[in-house]
Amino acid sequence: MDATGRRRQGSYSAYELTEETPVYVISVAAQLSGLHPQTLRQYDRLGLVSPDRTAGRGRRYSARDIELLRTVQQLSQDEGINLAGIKRIIELENQVAALQSRVAEMEAALDGAAAAMQQREAAVHASYRRDLVPYQEVQQTSALVVWRPKRQQSD
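What counts as what
Throughout this description, residue numbers start from 1 for each chain and increase along the sequence as written. Confidence filtering applies because this is a predicted model: local features only for residues at pLDDT of at least 70, side-chain atom pairs given and counted only at 80 or more, and all residues used for totals across whole chains, interfaces and linings. Heavy atoms throughout the structure, all of them, feed into the side-chain values; hydrogens and water do not. Numbering of helices and strands starts at the N terminus; helices are DSSP runs of H or I of at least 4 residues and strands are runs of E of at least 2. Only protein chains enter the accessibility calculation, which uses a 1.4 Å probe; a residue is then buried when its area is under 20% of its type maximum, exposed when over 50%, and partly exposed in between. Two residues form a contact once any of their heavy atoms are found within 4.5 Å. Note on areas: Shrake-Rupley with a 1.4 Å probe; residue coverage comes only from the protein chains shown. As a rule, the C-alpha atoms of each element are fitted with a line to give its axis, helices using only the stretch in contact, and angles between N-to-C directions run from 0 to 180 degrees. Should an angle fall under 35 degrees it is called roughly parallel, over 145 degrees roughly antiparallel, and 65 to 115 degrees roughly perpendicular, with every other angle called oblique. Each helix crossing is assigned a hand: it is left-handed if the near helix lies turned anticlockwise from the far helix by less than a right angle, otherwise right-handed if that turn is clockwise. We call Asp, Glu, Lys and Arg charged. Ala, Val, Leu, Ile, Met, Phe, Trp, Tyr, Cys and Pro are nonpolar, and the rest, Gly among them, are polar. To qualify as a nonpolar core, a set must consist of buried Ala, Val, Leu, Ile, Met, Phe, Trp, Tyr and Cys residues joined through side-chain atoms within 4.5 Å. A patch consists of residues exposed above 30% relative accessible area that lack any salt bridge, with like charges linked at up to 9 Å and nonpolar side chains (Val, Leu, Ile, Met, Phe, Trp, Tyr) linked at up to 5 Å. Here, a salt bridge means any side-chain nitrogen of Lys or Arg that lies within 4 Å of a carboxyl oxygen of Asp or Glu. The quantity known as pLDDT measures the predictor's confidence residue by residue, on a range of 0 to 100. The directions from the helix axis to the C-beta atoms are what the arc is built from.

**Considering the overall build of the chain**
Move 1: Counting secondary structure elements, the chain contains four helices and two strands.
Move 2: Shown N-terminal to C-terminal, the secondary structure of the chain runs as helices and strands in the order α-α-β-β-α-α.
Move 3: Counting across all 155 residues of the chain, residues that qualify as buried make up 19%.
Move 4: Pairs at least 24 residues apart make up 51% of the contacts formed inside the chain by residues separated by at least 6 positions.
Move 5: Carbon and sulfur atoms form 53% of the exposed surface of the chain, whose accessible area is close to 12,500 Å².

**Some points on the packing of helix 1 (residues 26-33) against helix 3 (residues 63-77)**
Move 1: Orientation of helix 1 relative to helix 3, taken along the N-to-C sense of each, is 50°, at an axis distance of 9 Å. Here helix 3 runs oblique to helix 1, going by the angle between their axes. Helix-helix and strand crossings are classified by hand; for helix 1 and helix 3 the assignment is right-handed. In this structure, helix 1 uses Ala29, Leu32 and Ser33 to contact helix 3, whose residues at the interface are Ile66, Leu69 and Arg70.
Move 2: Class assignment for the residues of the contact of helix 1 with helix 3 results in four nonpolar, one polar and one charged.

**Looking at the nonpolar core**
Move 1: If you look at the biggest cluster of nonpolar residues, it comprises 15 residues, and the most contacted ones within it are Leu40, Leu48, Tyr61, Leu69 and Val72.
Move 2: Elements that contribute at least two residues to this core include exactly helix 1, helix 2 (37-46), helix 3 and helix 4 (83-126).
Move 3: Ranked by residues supplied to this core, first place goes to helix 3 with four residues.
Move 4: Excluding its chain neighbours within four sequence positions, the residues that come into contact with Leu48 are Tyr43, Leu68, Val72, Leu83, Ile86, Lys87 and Ile90.

**So, a nonpolar patch on the surface**
Move 1: A cluster of nonpolar side chains, Val25, Val28 and Leu32, forms an exposed patch at the surface whose accessible area comes to about 180 Å².
Move 2: Relative to the helices and strands, Leu32 is located in helix 1.
Move 3: Under the relative-accessibility criterion, Leu32 is labelled partly exposed at 37%.

**Quick notes on the confidence of the model for the chain**
Move 1: Confidence in the prediction for the chain averages 86 pLDDT; 90% of positions are at 70 or higher.
Move 2: Looking at the elements of the chain, mean pLDDT is at its lowest for strand 1 (residues 52-53), recorded as 90, and at its highest for helix 4, recorded as 95.

**Remarks on helix 1**
Since the α-helix advances by 3.6 residues per turn, residues separated by three or four positions end up pointing in the same direction.
Move 1: Among the residues making up helix 1, those that are buried are Ile26, Ala29, Ala30 and Ser33. In an axial view of helix 1, the angular spread of the buried residues amounts to 100°, which keeps them on one side of the axis.
Move 2: Buried-residue contacts for helix 1 involve helix 2, strand 2 (59-60) and helix 3.
Move 3: Phi for Gly34, located one or two positions after helix 1, is positive at around 80°.

Here's what the structure looks like:
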């Protein structure tokens, strides 16, 4: 994966088609996003939306790229955010997604460690000797106890 959370070119399976699969040429991507092809080129130069490249350096956009183009346009037109601000927003959203993924990984690891610890604790408790009685300290008293053996009865 690259810095934007996308897979690098060439890492796609021949039969795998996901939202990250680069399939759209620039003219189709422009139509799907409602933008001019020159706008897509400009966004690529600025690093806002970086499509994968073919061996001949042609741009190939994925469904995720198309959605990102729409988001950039919406932020620019509706929210009035400049392109530098949009780039920073995209970078921060990618960071948040990466951190959320890392937190999920760490939570899973923590859950696994807690389960292993509970198993070890249960094993230790199961290994306790049941024939031993815990020592309890006897209260010291000044009482006197007299022991007398039982007398044997004569038959």
